[in-house]
Structures are given as C-alpha cells and as structure tokens.
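Now for the letters of each chain:
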Amino acid sequence: MISKRLFGQTIAAGAAAASLGACSLKRAPVAAPAPAPGADLRTGSGEHTALGPVKQVTAGVLDMGYFEFGPAIGTPVVLLHGWPYDPYSYVDVAPLLAAQGYRVIVPFLRGYGSTTFRSAQTVRNGQQSAIALDVIALLDALRIDKAIFGGYDWGSRTAAIIAVLWPERVTALVAVSGYLVTNLAANQQPLAPAAELGWWYQYYFSTERGVLGYTRNRHDFNKLIWKNASPAWNFDDATFDRSAAAFDNPDHVAIVVHNYRWRLSLAPGEPQYDAYEQKLQTAPPIAVPTITIGSDFDGAAVDGTTYRNKFTGKYEHRVFAGIGHNVPQEAPQPFTQAIVDAGHL
C-alpha cells in the first residue's frame, strides 16, 4: 500500500470518515472473539522459510506466478499480499490452512516475482480495478468459482474490490485495516500536517527523482518501510531478503509508481476500467461475510468504528494489539483463525 492512514496517524479516522459520509447505516461494532489476554500473537511466526515451487498460469494480460498449498478438492482460499511485500507474508499461514484441508492460492501481484506481462505493449497500470481483474482472471484460469479471500495493504484493497464488484466469487473476506477502496476525490483533500508527513514516499514517487531513487535503492527503501510499518517486528535479514527478491521484477517500479500517482490523480487509468472505477468511487458497501482486523498500524482506526458501516453482511472485527502492518506474517495463527472463522460466519 501503504494506505492513506499511514503508520497509525490521525488520517486513519479522517480518511475513513470522509469515505463514509454518504452512508446512512449506523451500527455499533460487533464484539468478536479476540486473542486471549496475554497471548503471544507472534507464536509460529518464522516457523517456515520456504513456499515451495512457484507455479505459472496464463491469467488475462499476465503470466501469473502463484504458490499452492493443500488438497485440490479443499475449500479455496486466496491470500493477497501488499506493497512492499510478497507471498512470503503467508509463509506460515498457508501451511496452517492446508493442514486443515483448505486449498490455498497465494499469487504474486502484477509487478512482483515471477508474474510478468504477456505483451510488451500492455500498459504497466497499477490502478486498483486492474489489479482486482488480474485476480479474477487467476480464479478463472484455475477454475475456482469462489473463494475465501484474505489480504492486507494492496491485498486487502484488492479483495474488498472483488467483494464489491464480483460478490458471487467471494465466500467470505478477511480484510486487514478494514475498508480500503480508493476514493480519488477524497484523496484530493489535504490532511493534518502530521498525517501528511506519513505520506512522504507517495510524494517521492510523484517525482522523477523518486522513480530513479526507488529504481536504484528499492532494497533499502522497502526495508525502511518494513521497519516503519512494523516497528515491533524483529525480522532478520534473511526474512526480508526472501521477499526482496520479488522486487527485482522488471515491471515492479513502473507498477508501484503508477499505483501511487493514480491514487493522487497524477496519472490516468485506462478506459477499459472506467465502469469499474465509477462504481468504486461511490464507496459501495461490502455485503459478503467479513472479518476485519485492526493492528497497531491503524492507530485511531484500530477499533474498526470508522468503517463499520461499510460492511452490511455478517461481520466481526478483531484487534491484534502489538502487531504491525504485515499482519499475516507477524501473527500467522490468529490470522489463520480469522480465515477459518470468516468461512463459518
């Protein structure tokens, strides 16, 4: 992502409130099963260090790389990563779900790892609906009618968009940080200075200097983002380096830069996505069964109240205190439980 709510500052409440302004529903957040007091949410983090062989499939405009766990006949689960991360965010979650009989699919998003464009002429577009359509194409290629979706950061946004535009493909949703569908008009509104400071990298990407700097320094750049977004996560160099390999994708910089410029209306989208974006700009609610997760990264929005009204179906909210932005890798067992529970709402 990282989202407008950066690093738990006051933008969390402000941005969410802006997106909820047109919604008339008024519900209190539902008390949900929370991790036991004193429980170590990080238990099991780092237990696994390999995802297994990467698979490739033609999916829309992409040759898409993905990892697969569990039995082919299991209930499908699709887990989506964010920026600047990769499928290793689910290195501990995926085996836990597979052991319970789920079929788990963890793809590289466009611009990451072994996912490449089939044509040199395809626009290296990072807008939200394009990424969501990639995942729909992946489902079609793998002949998966519907799945439980889980994600954080770009992955949470993408899963939410699929739940809005193609709810028939979603059994249930686990969305870290709640409702992240980008509203371009809201993104034009200035924030408090402290909140704007958290956006430094988005402004950096808006310049050609930023493009050159990210191209040259993406390893150290992204490691800095990891540390800032998850200050209590003591990941080692080997953990970061396993994910950093995904940033060597030839389209990585172009996709990341376009994503953030598009969000600030500094780069155009493509006409074939206009109808999807028009619907998404109305901030439509999500009706599929959903569990949202708040972590320390979310700051004032951690309790979920600012986006509760955007979820109109069966719903729970959970708080993972002490956990940073990369929730599934930092807290694999409670994230796994959220996936299981969402499928039974």
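Remember, it's a predicted structure, so these values are computed and weren't measured experimentally.

Peer 1: Looking at this model, I keep getting lost on the layout of surface pockets. Mind explaining?
Peer 2: Rolling a probe over the atoms, with the probe sized like a water molecule, indicates the empty space that remains. Looking at the largest pocket, its volume works out to about 210 Å³. In this structure, the largest pocket is lined by 15 residues; those nearest its centre are S45, G46, W233, F235 and T239. Considering each element in turn, the lining of the largest pocket owes the most residues, three residues, to helix α8 (residues 237–244).

Peer 1: Would you take a moment to explain empty space enclosed by the protein for this structure?
Peer 2: Following the criterion strictly, the structure yields three cavities of 30 Å³ or more and no others. Volume-wise, the second largest cavity comes out at about 40 Å³. Lining the second largest cavity are Q128, I131, W154, R157, T158 and N259. Elements that contribute at least two residues to the lining of the second largest cavity include exactly α3 (128–141) and α4 (154–165). For the lining of the second largest cavity, the element with the highest residue contribution is α4, accounting for three residues. When the residues that make up the lining of the second largest cavity are grouped by side-chain class, the tally is two nonpolar, three polar and one charged.

Peer 1: Please explain the nonpolar core as it appears in this structure.
Peer 2: A general feature of soluble globular proteins is that nonpolar side chains tend to end up buried together. The biggest cluster of nonpolar side chains holds 96 residues, and the ones touching the most others in it are L79, W83, F149 and F335. Of the residues forming this core, the biggest block, eight residues, is contributed by α4. In this structure, F335 is in contact with L79, Y90, V93, G150, G151, V174, V176, I293, F320, V327 and P328, ignoring residues within four places of it in sequence.

Peer 1: For this particular structure, what's the right way to read the packing of aromatic side chains?
Peer 2: Each aromatic ring pair is summarised here by two numbers: the centre-to-centre distance and the angle between the ring planes. Throughout the structure, instances matching the rule amount to 34 aromatic pairs. Geometrically, the ring pair formed by W200 and Y204 is tilted, given 6.4 Å between the ring centres and 45° between the ring planes. On the criterion of helical spacing, the pair formed by W200 and Y204 is a turn pair, its members being four residues apart in helix α6 (residues 200–205). Residue class for W200 comes out partly exposed when judged on its relative accessible area of 31%. A ring pair is formed by Y204 and F221, whose centres lie 5.9 Å apart and whose planes are at 20°; its orientation type is stacked. In this pair, Y204 is assigned in helix α6 and F221 in helix α7 (residues 208–229), connecting sequence segments 17 residues apart. The class for Y204 is partly exposed, based on a relative accessible area of 25%. In this arrangement the basic side chain of K310 is found over the ring face of Y179, its NZ or CZ atom lying 5.3 Å from the centre.

Peer 1: Before we go on, may I ask you to explain the confidence of the model for the chain in this structure?
Peer 2: Low pLDDT marks regions whose predicted coordinates should not be analysed in detail. The predicted model of the chain averages 91 in pLDDT, with 89% of residues at 70 or higher. Long-range and interchain partners of residues 1–32, a stretch whose pLDDT sits below 50, account for 97 contacts in this model, where long-range means more than four residues apart.

Peer 1: Would you take a moment to explain the packing of α3 against α4 for this structure?
Peer 2: The geometry of a pair of packed helices is captured by two quantities: the angle between their axes and the separation between those axes. As a packed pair, α3 and α4 sit with axes 9 Å apart at the nearest point and diverge in direction by 75°. When the interaxial angle is binned, α3 and α4 end up roughly perpendicular. Mapping the contact onto sequence places Q128, I131, A132, V135 and I136 in α3 and W154, R157, T158, I161 and I162 in α4.

Peer 1: How should the pairing of strand β6 (residues 147–151) be read in this particular structure?
Peer 2: Look at any regular strand and the pattern is simple: side chains alternate between the two faces of the sheet. With five of five residues buried, β6 lies mostly within the body of the structure. Direction of pairing for strand β3 (residues 76–80) relative to β6: parallel, over a ladder of four bridges. In the sheet register, V78 faces β6, and the bridge partner there is F149. Bridge count between β6 and strand β7 (residues 170–176): five bridges; the pairing is parallel.

Peer 1: Is there a simple way to think about the packing of α7 against α8 in this case?
Peer 2: The geometry of α7 relative to α8 is characterised by a closest axis approach of 11 Å and an angle of 120° between their N-to-C directions. Classified by the interaxial angle, the pair formed by α7 and α8 is oblique. Judged by the sense of rotation from one axis to the other, the crossing of α7 with α8 is right-handed. Within the contact between the two elements, α7 uses H219, N222, K223 and W226 and α8 uses D237, T239, F240, D241, S243 and A244. When the residues that make up the contact of α7 with α8 are grouped by side-chain class, the tally is three nonpolar, four polar and three charged.

Peer 1: Looking at this structure, how should I read the pattern of salt bridges?
Peer 2: The final tally for this structure, using the stated rule, is ten salt bridges. The closest approach of N and O atoms between D140 and R169, which form a salt bridge, is 2.9 Å. Placement of D140 in helix α3 and of R169 in the loop between α4 and β7 is noted, with a sequence separation of 29 residues between them. Exposure remark for D140: the relative accessible area of 45% places this residue in the partly exposed category. Overall, R169 belongs to the buried group, its relative accessible area being 13%. Salt-bridge contacts for K223 lead to D237; the nearest nitrogen and oxygen are separated by 2.6 Å. On the criterion of sequence distance, the pair formed by K223 in helix α7 and D237 in helix α8 is long-range, its members being 14 residues apart. Classification of K223 by relative accessible area gives buried; the value is 15%. Of the residues examined, D237 reaches a relative accessible area of 46% and is grouped as partly exposed. Taken together, the salt bridges that share partners define one network made up of K55, E68 and R103.

Reading the values: rules and limits
- Residues numbered from 1 in each chain as written.
- Predicted model: local features only at pLDDT ≥ 70, side-chain atom pairs only at ≥ 80, totals over all residues.
- Heavy atoms only, no water.
- 1 Å grid on protein atoms, 1.4 Å probe; cavity = no way out; pocket = protein on both sides within 12 Å on 5 of 7 lines; lining within 4 Å.
- Points joined across faces, edges and corners; volume = space filled by probe spheres on them.
- Helix = DSSP H or I, 4+ residues; strand = E, 2+ residues; numbered from the N terminus.
- Nonpolar A, V, L, I, M, F, W, Y, C, P; charged D, E, K, R; others polar.
- Core = buried A, V, L, I, M, F, W, Y, C linked by side-chain atoms within 4.5 Å.
- Buried < 20%, exposed > 50% of the residue type's maximum accessible area, 1.4 Å probe, protein only.
- Contact = heavy atoms within 4.5 Å.
- Phe/Tyr/Trp six-rings, centres within 6.5 Å; stacked < 30°, edge-to-face > 60°.
- Lys NZ or Arg CZ within 6 Å of the ring centre and 35° of its normal.
- pLDDT = per-residue confidence, 0-100.
- Axes fitted to C-alpha atoms, helices over the stretch in contact; angles between N-to-C directions.
- Parallel < 35°, antiparallel > 145°, perpendicular 65-115°, else oblique.
- Pairing = 2+ DSSP bridges.
- Left-handed = near helix turned anticlockwise from the far one by under 90°.
- Salt bridge = Lys/Arg side-chain N within 4 Å of Asp/Glu carboxyl O.

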